[in-house]
Amino acid sequence: MTSSSSSSQDTQRLAHGYAEGLRADALMEEDVAWSHEIDGERDGDQFDRSERAALRRVAGLSTELEDVTEVEYRQLRLERVVLVGVWTSGTVQDADNSLAELAALAETAGALVLDGVTQRRDKPDAATYIGSGKADELRDIVLETGADTVICDGELSPGQLIHLEDVVKVKVIDRTALILDIFAQHAKSREGKAQVALAQMQYMLPRLRGWGQSLSRQMGGGKGGGLATRGPGETKIETDRRRIREKMAKMRREIADMKTGREIKRQERKRNKVPSVAIAGYTNAGKSSLLNRLTGAGVLVENALFATLDPTVRRAETPSGRLYTLADTVGFVRHLPHHLVEAFRSTMEEVGESDLILHVVDGSHPNPEEQLAAVREVIRDVGATGVPEIVVINKADAADPLTLQRLMRIEKRSIAVSARTGQNIDELLALIDNELPRPSVEVEALVPYTHGKLVARAHDEGEVISAEHTPEGTLLKVRVHEELAADLAPYVPAPAV
């Protein structure tokens, strides 16, 4: 009984093993007949376990170049922007000029301007800057042009920014943020970068968003710990504001330390009685070109707004041989953000401490009178209204003759020049020579040849009227300041009896 049952079990195992072997052989063959029972449940090509678990790449979705060798020749992607302005006063031409200037600012910042619109209103809308209906129309323009940014020609409040972004569904920035971005790109010196960073933090402080919309992210105070500490604490936006204020305080200290070094240099020039001339004017009016023409300074010249930010001081000489310093300052613009005026106040002090201001204006601009008014407003803010001023109408070679005549008729102390061609540069140098403050004391002295340093000082610090070499020494007739006059006093010949 036992032997027969065991033999039958062996027979079944052999038969089952033979069947499994046949199935395995069939599966290993290349051409296997398709079976609905086995293959009907498949969901596609069959892979190994590792291949089934691997990430599957979906073809046709990438927008990047497939050939990596072409990457360096790929065109830089620029931000695509739409400009919008509110026209509250002035003529249609004034509104168009304002938007054209905003377009130039956007291009300087590295954006591609697609379209620009203006709206006539008594004042900007308090909620969306242009009104809810016009905001919907602006959203249609954004969708039609494929823009990813809207730039407003004015300084928007935090609420206006949020509400307008909610409607147009793209990033919205204002004129102030755009100018700050340009300054951040062009600042090269340590002081310039610190001043721009301070202005950016002042601008961003009331405009913080993000975590500030959530509830408390820290525990509140209480006695003894435990349950007493589970109250609403400092929110994330309050933490961010506190840290920004700490950074601003640190930045102000650093700028004050840098200001000390510049003041020492300025006091040294004053001690040596060297007159100073400051070049001020609208951005892209040709201030750096004029500085290069007058002194050969080699400052960067570029047809762009705010191409140079860091002040440059160079030594120059008048046609009569008098030495003076010529300082190139940061360019101004219409509605210059007050954050920048405050941050760059220490740099703009070069204008207030100078003996003469060369106010450069672009004679080829459609509205040069507006440029003059904008610059004078900033000069008034930095307390430099008492400094004598010469209006230098630059780009005379490209300006309309009627515009030049009108400007020179309005501005009595003015001269038309061309820094590019050198037109009337000699006349400008002569005018600077006449306008610079002159030494107050006239001295005639016979300086021995052993005291040649006094003769050199007279040439450097004063105005030499005549010089004659005699057997006893150099007979000088000069106009000098009081300190040098006291040094020359022992060599003044006694009056004839």
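Residues numbered from 1 in each chain as written. Predicted model: local features only at pLDDT ≥ 70, side-chain atom pairs only at ≥ 80, totals over all residues. Heavy atoms only, no water.

1. Remarks on the packing of aromatic side chains
- Counted under the stated rule, the structure contains zero aromatic pairs.
- Sitting over the face of the ring of Trp 87, Arg 120 holds its NZ or CZ atom 4.6 Å from the ring centroid. (Phe/Tyr/Trp six-rings, centres within 6.5 Å; stacked < 30°, edge-to-face > 60°. Lys NZ or Arg CZ within 6 Å of the ring centre and 35° of its normal.)

2. Side note on the nonpolar core
- If you look at the biggest cluster of nonpolar residues, it comprises 81 residues, and the most contacted ones within it are Phe 332, Leu 358, Val 392 and Leu 428.
- Beyond its immediate sequence surroundings of up to four residues, Phe 332 is in contact with Ala 280, Gly 281, Tyr 282, Thr 283, Met 348, Val 375, Val 378 and Ile 379.
- Grouped together as the second largest cluster of nonpolar side chains are twelve residues, Ala 445, Leu 454, Ala 458 and Leu 484 included. (Core = buried A, V, L, I, M, F, W, Y, C linked by side-chain atoms within 4.5 Å. Buried < 20%, exposed > 50% of the residue type's maximum accessible area, 1.4 Å probe, protein only. Contact = heavy atoms within 4.5 Å.)

3. As for the side chain of Gln 160
- Take Gln 160: it is sitting in helix α6 (residues 158-168).
- Residues contacting Gln 160, with those up to four places away along its chain left out, are Asp 125, Ala 126, Ala 127, Tyr 129 and Glu 155. (Helix = DSSP H or I, 4+ residues; strand = E, 2+ residues; numbered from the N terminus.)

4. Brief notes about the sheet that holds strand β12 (residues 463-469)
- Strand order in this open sheet of three strands is β11-β13-β12, and the pairing throughout is antiparallel. Taken across any chain shown, the strands that pair with only one partner, and hence form the sheet edges, are β11 (441-447) and β12. Across this sheet, the average inter-strand angle for adjacent strands is 10 degrees, counted without regard to direction.
- Bridge analysis of β12 against strand β13 (residues 474-480) gives six bridges, and the strand direction is antiparallel. Residue His 469 lies in a different strand from β13, and its bridge partner there is Thr 474.
- Lying on the sheet, helix α16 (residues 452-461) is in contact with β11, β12 and β13; it crosses β13 at an angle near 35 degrees. (Pairing = 2+ DSSP bridges. Axes fitted to C-alpha atoms, helices over the stretch in contact; angles between N-to-C directions.)

5. Description of unusual backbone geometry
- Phi angles above zero are rare outside glycine, and Lys 395 is one such case at about 60 degrees.
- With respect to the secondary-structure elements, Lys 395 resides in the loop between β9 (389-394) and α14 (401-410).
- Positive phi is not limited to glycine here, since Asn 424 has a value of about 65 degrees.
- Along the polypeptide, Asn 424 turns up in the loop between β10 (414-416) and α15 (425-435).
- Under the relative-accessibility criterion, Asn 424 is labelled partly exposed at 27%.

6. A look at helix α7 (residues 175-186)
- The end-to-end C-alpha distance of α7 is 17 Å, a good match for the 16 Å that twelve residues give at a rise of 1.5 Å each.
- Most of α7 is tucked away, with nine of its twelve residues classed as buried.
- Those residues of α7 lying buried are Arg 175, Thr 176, Ala 177, Leu 178, Ile 179, Leu 180, Ile 182, Phe 183 and His 186. (Expected span 1.5 Å × (residues − 1).)

7. Focus: the UniProt feature "binding site: Mg(2+)" (unreviewed entry) in the protein chain
- Sequence positions flagged by UniProt for "binding site: Mg(2+)" (unreviewed entry) are, in local numbering, Ser 288 and Thr 308.
- Looking at the element boundaries, Ser 288 is found in helix α10 (residues 287-295).
- By relative accessible area, Ser 288 is classed as buried at 9%. (UniProt positions renumbered as here; feature names shortened; annotations may be inferred.)

8. Some details on a negative patch on the surface
- Taken together, the side chains of Asp 115, Glu 137, Asp 140 and Glu 144 define an acidic patch exposed on the protein surface.
- Sorting elements by how many residues they give to the negative patch places helix α5 (residues 132-145) first, with three residues.
- Relative to the assigned elements, Asp 140 resides in helix α5. (Patch = residues over 30% accessible without salt bridge, like charges linked within 9 Å, V, L, I, M, F, W, Y side chains within 5 Å. Areas by Shrake-Rupley, 256 points an atom, 1.4 Å probe, with all protein chains shown as cover. Salt bridge = Lys/Arg side-chain N within 4 Å of Asp/Glu carboxyl O. Lys, Arg positive; Asp, Glu negative; His and termini not counted. Charge placed at Lys NZ, Arg CZ, Asp CG, Glu CD.)

9. Here we look at the pattern of salt bridges
- In the structure shown here, the tally under the stated rule is 14 salt bridges.
- For Lys 395, the salt bridge goes to Asp 362, with nearest N and O atoms at 3.4 Å. Residue Lys 395 is located in the loop between β9 and α14, and its partner Asp 362 is located in strand β8 (residues 356-362); the two are separated by 33 residues in the primary sequence.
- When its relative accessible area of 22% is taken as the criterion, Lys 395 is described as partly exposed.
- Note that Arg 406 and Glu 369 form a salt bridge whose closest N and O atoms lie 2.7 Å from each other. Linking Arg 406 in helix α14 with Glu 369 in helix α13 (residues 368-381), this pair joins segments that are 37 residues apart in sequence.
- Beyond isolated ion pairs, a larger network of salt bridges with shared partners links Glu 101, Asp 153 and Arg 175.

10. Some details on α6
- Among the residues of α6, those classed as buried are Gln 160, Leu 161, Leu 164, Glu 165, Val 167 and Val 168. For α6, the angular spread of the buried residues around the axis is 160 degrees, confining them to a single face.
- Looking at the packing, one finds that the buried side of α6 touches α5, β3 (149-152), β4 (171-174) and α8 (190-204).
- With its phi angle positive at about 65 degrees, Lys 169 sits one or two positions after the end of α6. (Arc of directions from axis to C-beta.)

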